[in-house]
Amino acid sequence: MAVLLQSLRLIDSHRIHPPKNFIFTGSEIVEYNGDSGLKIKETIDCSAFFASRGWADLRCMSGEPGEEYRESLDSLGDLLAASGFAKAVLIPNTKPAIQTKNEIQYVMSKTKNWLTDLCIMAAATKDCHGEDFTDILDLNNEGVFVFGDGIHPISNPDRFLKILQYLQKFDGLLVDQTYDPYLSLFGQMHEGVTSTRLGMKGIPNLSEEVAVYRNLEILKYAGGRLHLQTISSKGSVDKIRQAKKDGLKVTADVSLYQLLFSDEDMVTFDTNLKVMPPFRGREDRDGLIEGLKDGTLDAIVSNHNPQDFDSKFMEFDLAAFGMSGLQTFLPGMAKLASELTWPLLISKITEGPAKVLGFDTSKMEDLTIFDPEENWVFDQKSNKSLSANMPWFNSTLKGKVKFVINRGRFVKI
């Protein structure tokens, strides 16, 4: 039983293609010429929609195990599907951290029926504290090839070096949210004119750029593969660009919301805008945009970090870092589409993540179909997450995911 998609406009990294008819056969998506021999179960008019390969998010977070009230694995699975993601990388910052065979098997069993293909990032150090190593080779035997400490940087250079060396035994990938924790100590937002006016302790660009430089130098010495997450400063982009020219196996991404907000938005003291790394200045945003356009930054991530009400509804300097970022991902892209174009945006959540993870993209087996113009209200009724720490909550947004095809399933959102 097949599904016919009429007048669908596919987007790839090069262009928006003219409308064509496609058919989902139950295992793949192919162009439809009217004589497939398959029995059409449903015909859908897609003339108002765009589509691309299934989206991939390289960074999202769950509260389970340990803090299921923030986000359970069940709610995260529903949320990823509703947000259009066919693949996602789960970071290991749970309680306990995802760091042993037991946690890996638990997460795999809970997510085996997801529409979204899950890639688990296992903790590189115990409890993500940056000191004692986890059993990296044993975890690889469970199918894990991505390692990192998630929201915590691996700031000990000796540990960073040795992890890179361990991972080369199976061509593993080290992922790091790179910043120097001591240069960021007690910081609440980007260090600049706005932080001075507001009287808040700032987090300087230097805290990220020093750590990026150090990690790239260690990579040059040790070899291996490194992915730098949530890059926020122009100086970091410049260093990564040069490292790529020098032939280092390094990739990088940026959080979508880093392109949508700046430190000037912090004047409202909205704790939903308190994130790590913090929103930077306009010059840094320009550097990030340039990095996306020239390929220095390979991917855009949601950096979905759900927080409960009590963690955010308090004084700014006591509130938790993090923003819920999945369900508003498409509306965020819609706000950027005129500046960055849909082909570029789509490439950063399809081909870019596939390059980072080494996935095969030769066959079209998944598809995300969306309406870039549909308006909808993001509120308690429509929210798929258990958390609502997003500044656009109770707002009307533009851009709605309509269908996702993955794992042989066609799902209407």
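Structure's up top.
Rules of the game
Residues numbered from 1 in each chain as written. Predicted model: local features only at pLDDT ≥ 70, side-chain atom pairs only at ≥ 80, totals over all residues. Heavy atoms only, no water. Helix = DSSP H or I, 4+ residues; strand = E, 2+ residues; numbered from the N terminus. Rg over C-alpha atoms; globule rule 2.2 N^0.38 Å. Buried < 20%, exposed > 50% of the residue type's maximum accessible area, 1.4 Å probe, protein only. Areas by Shrake-Rupley, 256 points an atom, 1.4 Å probe, with all protein chains shown as cover. Lys, Arg positive; Asp, Glu negative; His and termini not counted. Charge placed at Lys NZ, Arg CZ, Asp CG, Glu CD. Patch = residues over 30% accessible without salt bridge, like charges linked within 9 Å, V, L, I, M, F, W, Y side chains within 5 Å. Salt bridge = Lys/Arg side-chain N within 4 Å of Asp/Glu carboxyl O. Contact = heavy atoms within 4.5 Å. Polar contact = N/O pair within 3.5 Å; in protein donor to acceptor, adjacent residues only side chain to side chain. Pairing = 2+ DSSP bridges. Right-handed = clockwise from strand over helix to strand, strands pointing away.

**Student:** Any chance you could break down the overall build of the protein chain for me, citing the residues and the numbers?
**Tutor:** Scanning the protein chain from N- to C-terminus turns up twelve helices and 18 strands. The C-alpha atoms of the protein chain give 21 Å as radius of gyration, which agrees with the globular expectation for 413 residues (22 Å, within 12%). Here the protein chain holds 413 residues, and the buried ones make up 58% of them. In the structure as shown, the protein chain presents an accessible area of about 17100 Å², 49% of it carried by carbon and sulfur atoms. Each charge class in the protein chain was averaged separately, 46 positive and 56 negative side chains, and the resulting centres sit 3 Å apart.

**Student:** Describe a nonpolar patch on the surface, and please don't skip the residues or the numbers.
**Tutor:** Side chains of Tyr 182, Leu 185 and Phe 186 sit close together on the surface and give an oily, nonpolar patch of about 420 Å² of accessible area. Its place among the elements puts Phe 186 in the loop between β10 (173–176) and β11 (189–190).

**Student:** If you had to explain the pattern of salt bridges to someone new, which residues and values would you point to?
**Tutor:** One pass over the structure, following the stated rule, counts 22 salt bridges. Glu 131 serves as the salt-bridge partner of Arg 159, at 3.2 Å between the closest nitrogen and oxygen. In this pair, Arg 159 is assigned in helix α4 (residues 157–167) and Glu 131 in the loop between β8 (117–123) and α3 (136–141), connecting sequence segments 28 residues apart. Each of Lys 87, Asp 117, Asp 366 and Arg 407 takes part in one network of salt bridges that share partners.

**Student:** Residue-level account of the environment of Ala 56, with values.
**Tutor:** Tracing the sequence through the fold places Ala 56 in strand β6 (residues 55–60). A C-alpha to C-alpha distance of 5.4 Å links Ala 56 and Ala 88, two positions 32 residues apart in sequence. Among all residues touching Ala 56, those that are not within four sequence positions of it are Phe 85, Lys 87, Ile 349 and Pro 353.

**Student:** Could you give an account of α4, naming the residues involved and the relevant values?
**Tutor:** Among all positions in α4, only Arg 159, Phe 160, Leu 161, Ile 163, Leu 164 and Leu 167 are buried. Of the surrounding elements, those touching the buried residues of α4 are α3, β9 (146–148), β10, α6 (205–222) and β13 (225–228). Structurally, the start of α4 carries an N-cap: the backbone nitrogen of Asp 158 is 2.9 Å from a side-chain oxygen of Asn 156.

**Student:** Describe the pairing of strand β14 (residues 250–255), naming the residues involved and giving the relevant values.
**Tutor:** Residues in a regular strand project their side chains so that they alternate between the two faces of the sheet. When you tally the buried positions in β14, you get six out of six residues, the bulk of the element. Both β13 and β14 contribute to a ladder of three bridges, which runs parallel. What sits directly across from Leu 228, in β14, is Ala 252. Following the backbone out of β13, through helix α7 (residues 234–245) and into the adjacent parallel β14, one traces a crossover that is right-handed. One ladder, built from three bridges, connects β14 with strand β15 (residues 299–301); its direction is parallel. The partner of Asp 253 across the bridge, within β15, is Ala 299. Taken together, β14, helix α8 (residues 282–293) and β15 constitute a β-α-β crossover, and its handedness is right-handed.

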